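Residue-level listing of the chains:
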Amino acid sequence: MSGHLQQSLTQVIESGDKCFVPYIMAGDGGLDKLIPQLEFMQSAGATMIEIGIPFSDPAADGPVIQEAGMRALQAGTTIQGILKALENVRQTVTIPLLFMTYLNPILSVGLEQFAQTCKKIGIDGCIIPDVPLEEEQEIKPTLQQYDLAFIRLASITSPPERLKQLASGAEGFIYAVTVKGVTGIRNEFSTDPSRYVDLLKQMSDVPVLAGFGISTPEHVRQMSQVCDGTIVGSQIIQHLQNGEQHLIKELIQAAKRSLSHE
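Computed from a prediction, not measured in an experiment: that's the story for all the values here.

Asker: Talk me through the nonpolar core; I want residue IDs and the actual numbers.
Answerer: One recurring pattern in soluble globular proteins: nonpolar side chains tend to sit buried together. In this structure, Leu 38, Leu 86, Phe 99 and Phe 114 are the most contacted members of the largest nonpolar core, which totals 63 residues. Residues within four places of Phe 114 in sequence aside, it is in contact with Ile 79, Leu 83, Phe 99, Ile 106, Val 109 and Cys 126. The next biggest cluster of nonpolar side chains, apart from the first, holds 24 residues, and it includes Leu 5, Val 12, Met 25 and Tyr 175.

This is the structure:
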């Protein structure tokens, strides 16, 4: 498992700040934008970055990310193209990088080939929403062989016994899904996720990061009180679309001004 990922998370948490992980869709607006976007997120203070691989049937994605994926696919983006575009990413981007993808794009390259290429270009781990706990042994050993963390997702609707299973042997961090349903911009949470996130934290040996539905600096501050960091996707994509880089910086700064050191 990626020591780079573990070290970066620990460093931020021990400093008293909270982790902030922006999600971007590779190829949205053209693959030539990918490296500059990663460099911008790094300079704005992101802890690490999730890179989405566009897929035609994204079961966990809400409308904003789905539309970004469709724009990327229409621009001719492929997983092979993304891997090629990231060949020299480590010349300028030093923070951890994760792929958020579904299983089919990986299988289209071949699991071994994908993992080998990820290792070569410096990817630290993968989030694969359509691979449940019961099926992860099909791919996890290959990822581990190439030092790639397999990041597990936990759902707010999961019973405590399930959360315990997910926390046991988790790598990198646990992705705590804070809403029922798909990703997307929301004004408020229909169910308070605090109790569930707190329970996960008690069970887990790795950091717990919250994602799905986190859309404002206030959400970031709110969730930062109960977890180790936040993941923001739809709102980041929206801000990139609108050229609102200053608002992305505000989201990232909200993690650094969390109540942990106020």
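Asker: Report on unusual backbone geometry, specifying residues and quantitative values.
Answerer: The backbone of Asp 147 shows a phi angle near 60 degrees, a positive value even though the residue is not glycine. You can see Asp 147 is positioned in the loop between α7 (140-145) and β5 (149-155). The exposure class of Asp 147 is partly exposed, given its relative accessible area of 32%. In this structure, Phe 212 is a non-glycine residue whose phi angle is positive, near 80 degrees. Looking at where Phe 212 falls in the secondary structure, it is placed in the loop between β7 (208-211) and α10 (217-224). Residue classification places Phe 212 among the buried positions, given a relative accessible area of 7%.

Asker: Give a detailed account of the sheet that holds strand β6 (residues 174-177), specifying residues and quantitative values.
Answerer: Pairing in this closed barrel of eight strands is parallel, and the strands run β1-β2-β3-β4-β5-β6-β7-β8 around the ring. On average, each strand axis in the sheet is inclined to that of its neighbour by 25 degrees, with strand direction left out of account. Two strands pair when backbone bridges link them, and strand β4 (residues 125-127) and β5 are joined in this way by three bridges, in the parallel orientation. Looking across to β5, one finds that Cys 126 is bridged to Phe 150. In this fold helix α1 (residues 3-14) packs onto β1 (19-25), β3 (97-100), β5 and β7, with an angle of close to 130 degrees to the strand it touches most, β1. Lying over the sheet, helix α8 (residues 160-167) contacts β5 and β6, oriented at roughly 170 degrees with respect to β5.

Asker: Provide a residue-level description of the pairing of β7, including the pertinent values.
Answerer: For a regular strand, side-chain orientation follows a simple rule: the groups alternate between the two sheet faces. Here β7 shows a buried face lined by Val 208 and Ala 210 and a second buried face lined by Leu 209 and Gly 211. The sheet contact formed by β6 and β7 spans four bridges and is parallel. The residue of β7 that forms the bridge with Ala 176 is Ala 210. Note: β7 against strand β8 (residues 229-232), three bridges, orientation parallel. For Ala 210, the partnering residue across the bridge sits in β8 and is Thr 230. Viewed along the sheet, the connection from β7 through α10 into β8 turns out right-handed.

Asker: Account for the side chain of Ser 8, with residues named and values stated.
Answerer: Following the sequence through the fold, Ser 8 ends up in helix α1. One polar contact links the side chain of Ser 8 to the main-chain carbonyl oxygen of His 4, over a distance of 2.9 Å. Once residues within four sequence positions are removed from consideration, Ser 8 is found in contact with Thr 47 and Pro 96.

Asker: Please set out the layout of surface pockets residue by residue, giving values where relevant.
Answerer: Its boundaries defined by the atoms lining it, the second largest pocket holds a volume of some 180 Å³. Forming the boundary of the second largest pocket are Ile 24, Met 25, Asp 28, Gly 29, Lys 33, Gln 37, Phe 40, Ile 237, Leu 240, Gln 241 and Gln 245. Among the secondary structure elements, those contributing two or more residues to the lining of the second largest pocket are β1, α2 (34-43) and α11 (234-242). Element by element, the count of residues in the lining of the second largest pocket is highest for α11, at three residues. Grouping the amino acids of the lining of the second largest pocket by side-chain chemistry returns five nonpolar, four polar and two charged.

The rules behind the values
- Residues numbered from 1 in each chain as written.
- Predicted model: local features only at pLDDT ≥ 70, side-chain atom pairs only at ≥ 80, totals over all residues.
- Heavy atoms only, no water.
- Core = buried A, V, L, I, M, F, W, Y, C linked by side-chain atoms within 4.5 Å.
- Buried < 20%, exposed > 50% of the residue type's maximum accessible area, 1.4 Å probe, protein only.
- Contact = heavy atoms within 4.5 Å.
- Helix = DSSP H or I, 4+ residues; strand = E, 2+ residues; numbered from the N terminus.
- Pairing = 2+ DSSP bridges.
- Axes fitted to C-alpha atoms, helices over the stretch in contact; angles between N-to-C directions.
- Right-handed = clockwise from strand over helix to strand, strands pointing away.
- Polar contact = N/O pair within 3.5 Å; in protein donor to acceptor, adjacent residues only side chain to side chain.
- 1 Å grid on protein atoms, 1.4 Å probe; cavity = no way out; pocket = protein on both sides within 12 Å on 5 of 7 lines; lining within 4 Å.
- Points joined across faces, edges and corners; volume = space filled by probe spheres on them.
- Nonpolar A, V, L, I, M, F, W, Y, C, P; charged D, E, K, R; others polar.

By themselves, these are just geometric observations and shouldn't be taken as functional.
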